[in-house]
Amino acid sequence: MTGYFVRHGMVYDWAWFLATIIGILAIALPLMLAVAMAIYAERKIWAAIALRRGPNVVGPWGLLQSFADGLKVFLKETIVPTNANKGLFLIAPIVTFTVALIVWAVVPFQAGVVLADVNVGLLYILAASSLGVYGVIVAGWSSNSKYPFFSALRAAAQMVSYEVSIGFVLITVVLYSGTFNISQIVLAQKGHGLGIVNAFGFNLLLFPMWVVFFISSMAETFRTPFDLVEAESELVAGHQTEYSSMSFALFWLGEYANVILMCALNAILFWGGWLPPVDWAPLYVIPGIIWLLAKMCFFFFCFGWVKATVPRYRYDQLMRLGWKIFLPLSLVFVVLVSGWLMLTRYA
């Protein structure tokens with residue numbers, strides 16, 4: 001796009017700036033619409049599992065329910081507790097929302113369709129997504145209330161615990177693909193799963209690592225059964241307890257943007273991203289972005305399915321799963337994948 005503006009007489013620096021702004025808006029605006037539709041879709045999933053109707057009044061089939069909820073929240077008064085640290089209290093939701101958006105800069109939607117195709121894209125995602133905990137911690141501390149503060153402590157422990165496992169899982173992905181570039185990781189998935197299936201996805205050796213990553217991604221985004229940060233019976237609404245109006249809405253937008261991101265990463269890192277599921281010529285007629293969105297929708301359905309059916313963990317069970325099961329398992333698979341590559345690729 002930069003070249004297009006330069007050819008039409010614009011100075012290169014301004015052309016690059018304008019092209020970047022357009023690229024950012026092309027990601028951010030559809031993402032906000034996707035968040036609204038994701039909330040609606042998830043409520044419909046929960047309703048179907050519980051044999052209810054879900055949203056069906058506002059707009060056709062209830063499609064405008066999320067927008068009505070957003071308008072209602074926007075019109076409410078922003079209340080800041082008397083004893084809260086006002087500056088940090090208002091900054092916290094902005095941090096959460098901003099971090100949830102900046103991660104999308106390196107997510108490829110199709111071959112060549114990415115805002116920043118950097119060579120260390122996977123490291124960028126790890127670094128940027130880990131900053132999200134600061135929004136939660138700052139919100140809990142600045143509220144000057146014991147329930148948000150306890151929630152912040154839980155959030156910090158939970159995110160650190162599962163980021164360790166996610167880090168080792170991603171090491172196996174990098175070992176197998178040989179790169180940190182996310183587009184190249186997708187292309188490295190072309191081939192056969194241990195010679196058993198003709199599919200575009202990672203070697204079947206990494207399937208257990210995908211299971212660990214999928215469960216850890218639910219814990220990382222505070223989803224049921226790992227939503228102890230916002231457990232109503234213990235912490236009211238957790239770090240969001242003292243928030244209202246748009247400051248409350250920003251937490252929700254950030255949370256669902258992170259959920260959609262995790263669905264995208266599940267598809268991109270382990271299931272071929274924009275590639276079709278199998279190497280069959282007619283499937284290439286469908287654009288790659290459609291394949292990616294279809295896979296993301298499937299994983300989002302799984303997120304909603306788990307939330308509607310699985311009871312909440314106790315906190316000791318949460319920590320045990322992260323430190324005593326996922327961490328040793330991911331370490332073992334780092335060794336296994338390294339050994340497999342030494343035997344097959346470098347023999």
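Is there a simple way to explain the overall build of the chain in this structure?
What the chain contains, in helices and strands, is 13 helices and 2 strands. Relative to the 2.2 N^0.38 estimate, which gives 20 Å for 347 residues, the radius of gyration of the chain is 21 Å and therefore close to what a compact globule would have. Taking contacts inside the chain between residues at least 6 apart in sequence as the whole, the part at least 24 apart equals 74%. When the accessible surface of the chain is split by element, carbon and sulfur atoms take 71% of a total near 17100 Å². Taking the average location of the 19 positive side-chain charges in the chain and that of its 15 negative ones, the two points are 6 Å from each other.

I tried to follow the side chain of S165 on my own but got confused; where do I start?
Along the polypeptide, S165 turns up in helix 7 (residues 146-177). With near-sequence residues (within four places) excluded, S165 lies in contact with S216, G322, F326, L327 and S330.

What is the right way to look at a nonpolar patch on the surface in this model?
A cluster of nonpolar side chains, contributed by W14, W16, F17, I21, I24, L25, L29 and L115, occupies part of the molecular surface with about 810 Å² of accessible area. Relative to the helices and strands, L29 resides in helix 2 (residues 12-49).

Quick question: what am I supposed to make of the packing of aromatic side chains here?
Aromatic ring pairs are reported here in terms of the distance separating the ring centres and the angle at which the planes meet. Under the counting rule described, the total for this entry stands at 18 aromatic pairs. Seen in terms of ring centroids, F207 and W210 are 5.5 Å apart; in terms of plane orientation they differ by 45 degrees. Their pairing is tilted. With F207 and W210 both in helix 9 (residues 207-220) and 3 residues apart, the pair spans about one turn of that helix. For F207, a relative accessible area of 39% corresponds to the partly exposed category.

Sorry, what's going on with empty space enclosed by the protein here?
Tallying each qualifying case throughout the model produces 3 cavities of 30 Å³ or more. Roughly 270 Å³ of internal volume is contained in the largest cavity. Lining the largest cavity are 20 residues, and of these T96, E220, F222, E255 and N258 lie nearest its centre. Broken down by secondary-structure element, the contributors of at least two residues to the lining of the largest cavity are helix 4 (86-102), helix 6 (132-142) and helix 11 (245-270).

Sorry if this is basic, but what is going on with the pattern of salt bridges here?
If the charged atoms of two oppositely charged side chains come close together, the side chains can form a pair. Tallied over the entire structure, the rule returns 4 salt bridges. One salt bridge connects R312 with D227, and the closest N-O pair in it is separated by 2.8 Å. Separated by 85 residues along the polypeptide, R312 in the loop between helix 12 (288-309) and helix 13 (315-344) and D227 in the loop between helix 9 and helix 10 (232-235) bring together distant segments of the chain.

What's the story with the nonpolar core in this structure? I'm lost.
Most often, soluble globular proteins keep nonpolar side chains buried together rather than apart. Core analysis: the largest hydrophobic core is formed by 65 residues, its most contacted members being W104, F213, I268, L269 and F270. Where this core is concerned, the elements lending two or more residues are helix 2, helix 5 (121-129), helix 7, helix 8 (182-187), helix 9, helix 11, helix 12 and helix 13. Of the residues forming this core, the biggest block, 13 residues, is contributed by helix 11. Aside from chain neighbours lying at most four places away, what touches I268 is V107, P108, I182, V186, Q189, G273 and L292.

Help me understand helix 3 (residues 65-75) in this model?
Because each turn of an α-helix spans 3.6 residues, side chains separated by three or four positions end up pointing in the same direction. Every buried residue of helix 3 is listed here: Q65, S66 and V73. Considered in projection along helix 3, the buried side chains sweep an arc of 100 degrees and stay on one side of the axis. Looking at helix 3, the residues exposed on the side facing more than 90 degrees away from the buried face are L71, F74 and L75.

Mind showing me how you'd approach the packing of helix 9 against helix 13 here?
Geometry of a packed helix pair, given as the angle between the helix axes and the separation of the axes. For the pair helix 9 and helix 13, interaxial distance at closest approach is 10 Å and the crossing angle is 150 degrees. Read as a crossing pair, helix 9 and helix 13 show a hand that is left-handed. Of the residues in helix 13, those in contact with P208, M209, V212, I215 and S216 of helix 9 are L321, F326, L329, S330 and F333. Residues of the contact of helix 9 with helix 13, tallied by class, amount to 8 nonpolar, 2 polar and no charged.

Got a minute to help me understand unusual backbone geometry in this structure?
Only a minority of non-glycine residues have a phi that is not negative, and only a minority of peptide bonds are not trans. Its identity as a non-glycine residue notwithstanding, F222 has a phi of 60 degrees, on the positive side. Take F222: it is sitting in the loop between helix 9 and helix 10. Phi at S245 is positive, roughly 55 degrees, even though this residue is not glycine. Within the element layout of this structure, S245 appears in helix 11.

Sorry if this is basic, but what is going on with the layout of surface pockets here?
If a probe as big as a water molecule is rolled over the atoms, it shows which places are left empty. Estimated volume of the largest pocket: approximately 610 Å³. Lining the largest pocket are 24 residues, and of these A34, W104, F109, L293 and M296 lie nearest its centre. Contributing elements (two or more residues each) for the lining of the largest pocket: helix 2, helix 11 and helix 12. The element contributing the most residues to the lining of the largest pocket is helix 2, with 10 residues. When the residues that make up the lining of the largest pocket are grouped by side-chain class, the tally is 22 nonpolar, 2 polar and no charged. Contributing to the lining of the second largest pocket are 19 residues, with I39, S66, D69, G70 and V73 lying nearest its centre. Mapped onto the lining of the second largest pocket, the elements with two or more residues apiece are helix 2, helix 3 and helix 11. Of the residues that constitute the lining of the second largest pocket, the class distribution is 11 nonpolar, 4 polar and 4 charged.

Cut-offs applied
Residues numbered from 1 in each chain as written. Predicted model: local features only at pLDDT ≥ 70, side-chain atom pairs only at ≥ 80, totals over all residues. Heavy atoms only, no water. Helix = DSSP H or I, 4+ residues; strand = E, 2+ residues; numbered from the N terminus. Rg over C-alpha atoms; globule rule 2.2 N^0.38 Å. Contact = heavy atoms within 4.5 Å. Areas by Shrake-Rupley, 256 points an atom, 1.4 Å probe, with all protein chains shown as cover. Lys, Arg positive; Asp, Glu negative; His and termini not counted. Charge placed at Lys NZ, Arg CZ, Asp CG, Glu CD. Patch = residues over 30% accessible without salt bridge, like charges linked within 9 Å, V, L, I, M, F, W, Y side chains within 5 Å. Salt bridge = Lys/Arg side-chain N within 4 Å of Asp/Glu carboxyl O. Phe/Tyr/Trp six-rings, centres within 6.5 Å; stacked < 30°, edge-to-face > 60°. Buried < 20%, exposed > 50% of the residue type's maximum accessible area, 1.4 Å probe, protein only. 1 Å grid on protein atoms, 1.4 Å probe; cavity = no way out; pocket = protein on both sides within 12 Å on 5 of 7 lines; lining within 4 Å. Points joined across faces, edges and corners; volume = space filled by probe spheres on them. Core = buried A, V, L, I, M, F, W, Y, C linked by side-chain atoms within 4.5 Å. Arc of directions from axis to C-beta. Axes fitted to C-alpha atoms, helices over the stretch in contact; angles between N-to-C directions. Left-handed = near helix turned anticlockwise from the far one by under 90°. Nonpolar A, V, L, I, M, F, W, Y, C, P; charged D, E, K, R; others polar.

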